[in-house]
Amino acid sequence: MAETLLVMRHITKIFPGVKALDDVRFDLNAGEIHALVGENGAGKSTFIKVLAGVHQPDGGEILLDGRKIAMHDPLTAQRHGIAAIHQHAASYPDLSVAENIFIGHEFMAGPFINWRKANQEAKKLLDSIGADINPAESVGSLSVARQQMVEIAKALSQNARILIMDEPTAALSKRESEELYAIARSLRDRGVAIILISHRFEDIFGLADRATVLRDGGYVGTWPIAELDAAKLVNLMVNRDIGQFYPKKKTKPGKELLRAEGLSRTGYFKDVSLRVNEGEIVGLTGLVGAGRTEVAQSLFGAEKPDSGDIYIHNEKAAINSPNDAMRLGLGLLPEDRQTEGLLLPWPIQYNITLPSLSALSRGAFLSDKNERRVSSDYKDQLSIKANDIMTAAQSLSGGNQQKVVVAKLLAMNLKILILDEPTKGVDVGSKAAIYEIMSELASRGIGILMISSEMPEALNMTDRIYVMREGRVSAEFESEGVSQSQVLEAAMPLDKQS
Ligand SMILES: Nc1ncnc2c1ncn2[C@@H]1O[C@H](COP(=O)(O)OP(=O)(O)OP(=O)(O)O)[C@@H](O)[C@H]1O
Ligand SMILES: [Mg+2]
């Protein structure tokens with residue numbers, strides 16, 4: 001029998017108006033990867049925050065090596081060998097990579113900080129997980145994927161026995177996820193126990209030994225992964241039929257809406273040309289770091305390209321700011337939605353309708369009643385889990401926050417939408433809802449450019465796909481009939497191809 005490291009039982013946590021956890025139990029063996037799964041708002045992050053000492057439970061107990069532990073704060077958890085990589089990395093963007101990894105560590109303390117040693121040690125840790133990152137660089141300047149790697153290095157530096165990963169691959173491409181899997185497996189083989197939270201079934205079925213399912217804050221059960229398959233797991237999670245998963249309808253592309261010609265931005269992308277027509281969903285895929293997000297930001301006027309032209313409705317457009325873009329009917333769902341997309345202390349309703357209330361919107365003014373109705377409709381359509389439309393965005397679960405930003409963009413009634421990883425961190429049921437909305441928008445003639453790292457999504461939800469490699473468009477495919485390996489080959493850096 002495997003050695004039981006951790007037992008949590010009768011865990012209950014109440015937030016004002018919400019029972020986030022109700023009598024949840026969980027156990028963890030040394031050397032296992034145990035997945036914690038459930039819909040957005042099911043209570044996964046709350047549960048692991050109880051273990052990590054971030055939240056104090058209202059009931060229940062935590063036993064480590066058979067002994068009852070009071071997890072007063074994150075430091076207590078850390079002393080017990082529990083390290084957590086949270087859903088929204090709590091790193092210090094202004095500090096360097098090395099500082100982030102070793103914050104609170106001895107050679108970072110006192111008046112004489114040993115920078116050379118800190119940088120050396122950081123480099124060693126990063127190398128051990130195959131992350132080529134300069135320890136002296138500031139974390140804020142790294143991509144989400146790389147910030148994630150810094151978090152993992154930090155956990156390793158603490159010699160964690162229990163490693164919690166809350167959606168570690170949400171921002172990673174397939175290849176980067178595989179690198180992370182390799183790291184996770186090697187840690188497991190060294191006896192580290194890993195709690196994995198993920199909405200990606202590839203992660204769960206590819207990595208986990210067991211899975212525990214939560215639904216609406218309640219414990220559903222625990223199974224060896226061999227006894228589960230995707231359909232069964234969905235059933236346990238949502239307990240209802242989610243309908244057709246990829247509802248993409250075949251549409252006849254209409255007039256050209258957006259075209260980029262020879263767009264370049266030094267250091268980010270070069271000579272990018274693409275077009276999106278009415279009614280089309282066009283994919284933009286590639287590895288994280290290939291320049292997709294940067295292209296999107298330039299199309300949206302958030303970053304100025306050095307050269308190249310953008311045409312909207314076949315007319316050369318001067319897009320010098322996001323306001324210009326929106327005035328021309330083009331909107332962007334940013335990748336980093338926590339910081340770019342939400343006013344966290346504000347209610348859901350205002351987050352959804354504020355941008356459409358501004359002078360930018362060409363539609364009629366929304367009355368308070370309409371505003372309420374519009375935002376309530378989106379809340380239902382995307383099943384945003386909250387008691388009320390006036391709930392503050394910050395008290396929503398990660399995935400539900402994402403959905404608010406999606407709703408906000410949709411409420412703006414734009415003609416061209418650029419969606420940067422629209423289903424990142426969103427559960428299966430809500431993914432299907434977002435696909436349904438995309439499909440519906442396309443059939444109304446709206447053009448969508450979707451950046452996606454998830455291959456099945458990129459292949460099944462688009463009409464055409466552009467693949468980017470190292471800042472350039474390396475291929476364009478009709479989505480129907482193209483294979484996953486053709487796309488991956490076009491995405492792979494040339495020096496890595498055999
Ligand atoms: N700080 C908070 N204040 C009030 N309510 C909260 C707070 N944090 C979480 N909740 C509520 O607790 C419930 C569980 O949220 P939690 O973040 O644990 O979900 P999750 O399973 O991690 O979801 P996701 O997949 O979206 O990340 C939700 O209803 C959420 O709105
Ligand atoms: Mg969560």
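The numbering scheme is per chain: residues are counted from 1 as the chain's sequence reads. Just so you know, chain letters begin at A and ligand numbers begin at 1, following the order they were written in. Restriction of local features to residues with pLDDT of at least 70 applies here, the model being predicted, together with a cutoff of 80 or more for giving and counting side-chain atom pairs; totals for whole chains, interfaces and linings are based on all residues.

(A) Seen up close, the overall build of the protein. Numbering goes from the N terminus for both helices and strands, where a helix is a DSSP run of H or I of at least four residues and a strand is a run of E of at least two. Secondary structure summary: the protein contains 17 helices and 20 strands in total. Within these notes, the globule rule equals 2.2 Å times the number of residues to the 0.38 power, and the radius of gyration is based on C-alpha atoms. Against the 2.2 N^0.38 benchmark of 23 Å for 498 residues, the protein shows a C-alpha radius of gyration of 23 Å, consistent with a compact globule. Viewed in the frame of its principal axes, the protein has a C-alpha envelope of about 70 × 55 × 45 Å. Going through the 498 residues of the protein one by one, you find that 47% of them count as buried. Here exposure depends only on C-beta density: within 10 Å of a residue's C-beta, 20 or more other C-beta atoms make it buried, 12 or fewer make it exposed, and intermediate numbers make it partly exposed, the C-beta atoms being placed from the backbone.

(B) Just the domain arrangement of the protein, in detail. Annotation of the protein at the domain level lists domain 1 (4-238) and domain 2 (256-496). The gap between the C-alpha centroids of domain 1 and domain 2 is 29 Å. Between domain 1 and domain 2, the contact holds 24 residues from the first and 22 residues from the second. Listed by contribution, the elements that provide at least two residues to the side of domain 1 that touches domain 2 are helix H5 (144-157), helix H6 (174-189) and helix H8 (230-238). The classification used treats Ala, Val, Leu, Ile, Met, Phe, Trp, Tyr, Cys and Pro as nonpolar, Asp, Glu, Lys and Arg as charged, and all other residues, Gly among them, as polar. For the side of domain 1 that touches domain 2, a count of residues per class yields ten nonpolar, nine polar and five charged. What marks off one domain from the next here is an automatic or database domain assignment. In this description, any two residues whose backbone-derived C-beta atoms lie within 7 Å of each other are considered to be in contact.

(C) Expanded view of the site of ligand 1. Nearness rests on one distance test: the residue's C-beta atom, set from the backbone, must lie within 6 Å of the molecule or strand. Near ligand 1 lie 20 residues; those nearest to it are Asn 40, Ser 45, Thr 46, Ser 397 and Gly 399. Tallied by class, residues from the shell around ligand 1 come to five nonpolar, twelve polar and three charged. In this structure, the shell around ligand 1 is formed jointly by two domains, domain 1 (4-238) and domain 2 (256-496), each of which donates at least three residues.

(D) The arrangement of the packing of helix H4 (residues 115-128) against H5 in detail. Every angle, taken between N-to-C directions, lies between 0 and 180 degrees, and every axis is a line fitted to C-alpha atoms, over only the stretch in contact when it is a helix. Interhelical geometry of H4 versus H5 gives an angle of 110 degrees and a closest axis separation of 9 Å. In terms of their interaxial angle, H4 and H5 are classed as roughly perpendicular. In this structure, H4 contributes Ala 122, Leu 125 and Leu 126 to the contact, and H5 contributes Met 149, Ala 153, Leu 156 and Ser 157. Across the contact of H4 with H5, the residue classes break down as six nonpolar, one polar and no charged. Oblique is the label for every angle not falling under 35 degrees (roughly parallel), over 145 degrees (roughly antiparallel), or within 65 to 115 degrees (roughly perpendicular).

(E) Quick look at the environment of Asp 420. Within the secondary structure, Asp 420 is located in strand E17 (residues 416-420). The exposure class of Asp 420 is buried, given the 23 C-beta atoms found within 10 Å. Distance from Asp 420 to Leu 449, taken between C-alpha atoms, is 8.4 Å for residues 29 residues apart in sequence. The contacts of Asp 420, once residues within four sequence positions are left out, are Thr 293, Ala 296, Leu 332, Leu 333, Pro 334, Glu 335 and Ile 451.

(F) Structural context of the nonpolar core. For our purposes the nonpolar core covers buried Ala, Val, Leu, Ile, Met, Phe, Trp, Tyr and Cys residues that link as a set through C-beta atoms within 7 Å. Counting 142 residues, the largest nonpolar core has Leu 51, Leu 163, Ile 164, Ile 194 and Ile 448 as the members making the most contacts within it. Shared between two domains, this core takes at least three residues from each, and those domains are domain 1 (4-238) and domain 2 (256-496).

(G) Summary view of the sheet that holds strand E16 (residues 330-333). Only when DSSP finds a minimum of two bridges between them are two strands counted as paired. Spatial ordering of the open sheet is given by E16-E17-E18-E13-E19-E20, a layout of six strands whose pairing is mixed. The sheet terminates laterally at E16 and strand E20 (472-478), the two strands that pair on one side only. Going from strand to strand, the sheet's axes swing by 20 degrees on average, the running direction of each strand aside. When strand E13 (residues 281-286) meets strand E18 (residues 447-451), the two strands line up parallel, connected through four bridges. Bridged to Leu 284 within E18 is Ile 451. Most of the contacts of helix H9 (residues 292-299) go to E17, to which it runs at about 150 degrees, and overall it touches E13, E16, E17, E18 and strand E19 (464-469).

(H) Representation of the sheet that holds strand E12 (residues 269-277) in the model. Across the sheet, which stays open at both edges, the four strands sit in the order E12-E11-E14-E15 with antiparallel pairing between neighbours. Every interior strand has two partners, whereas the edge strands, E12 and strand E15 (315-316), have only one. When strand E11 (residues 256-265) meets E12, the two strands line up antiparallel, connected through six bridges. Across the sheet, Leu 263 pairs through a bridge with Val 272, a residue of E12.

(I) Representation of the environment of Ala 302 within the structure. Note that Ala 302 resides in the loop between H9 and strand E14 (307-312). With 16 C-beta atoms counted inside 10 Å, the residue Ala 302 sits in the partly exposed group. Residues Ala 302 and Ile 319 lie 17 residues apart in sequence; the distance between their C-alpha atoms is 8.9 Å. For Ala 302, the residues in contact, after removing those within four places along its chain, are Gln 297 and Pro 322.

(J) Representation of the pairing of E17 within the structure. The buried count for E17 comes to five of five residues, which makes it a mostly enclosed element. Of the two faces of E17, the one lined by Ile 416, Ile 418 and Asp 420 and the one lined by Leu 417 and Leu 419 are each fully buried. Here a crossover is taken to be right-handed if, once the strands point away from the viewer, the path from the first strand over the helix to the second is traced clockwise. Once you follow E17 into helix H15 (residues 428-443) and on to E18, the crossover reads as right-handed.

(K) Summary view of helix H13 (residues 368-381). When the terminal C-alpha atoms of H13 are compared, their 20 Å separation across 14 residues agrees well with the 20 Å that a helix rising 1.5 Å per residue should span. Buried residues of H13: Glu 371, Ser 375, Tyr 378 and Lys 379, and no others. Projected onto a plane normal to the axis of H13, the buried residues spread over an arc of 105 degrees and lie on a single side. Exposed and facing more than 90 degrees away from the buried side of H13 are Lys 369, Asn 370 and Asp 380. Working rule for helices: expected span equals 1.5 Å times residues minus one. In this context, the arc is that of the directions from the helix axis out to the C-beta atoms.

(L) Structural view of unusual backbone geometry. Residue Asn 413 is not a glycine yet carries a positive backbone phi of 55 degrees. Mapping Asn 413 onto the fold places it in the loop between helix H14 (398-410) and E17. Exposure remark for Asn 413: the 12 C-beta atoms within 10 Å place this residue in the exposed category.

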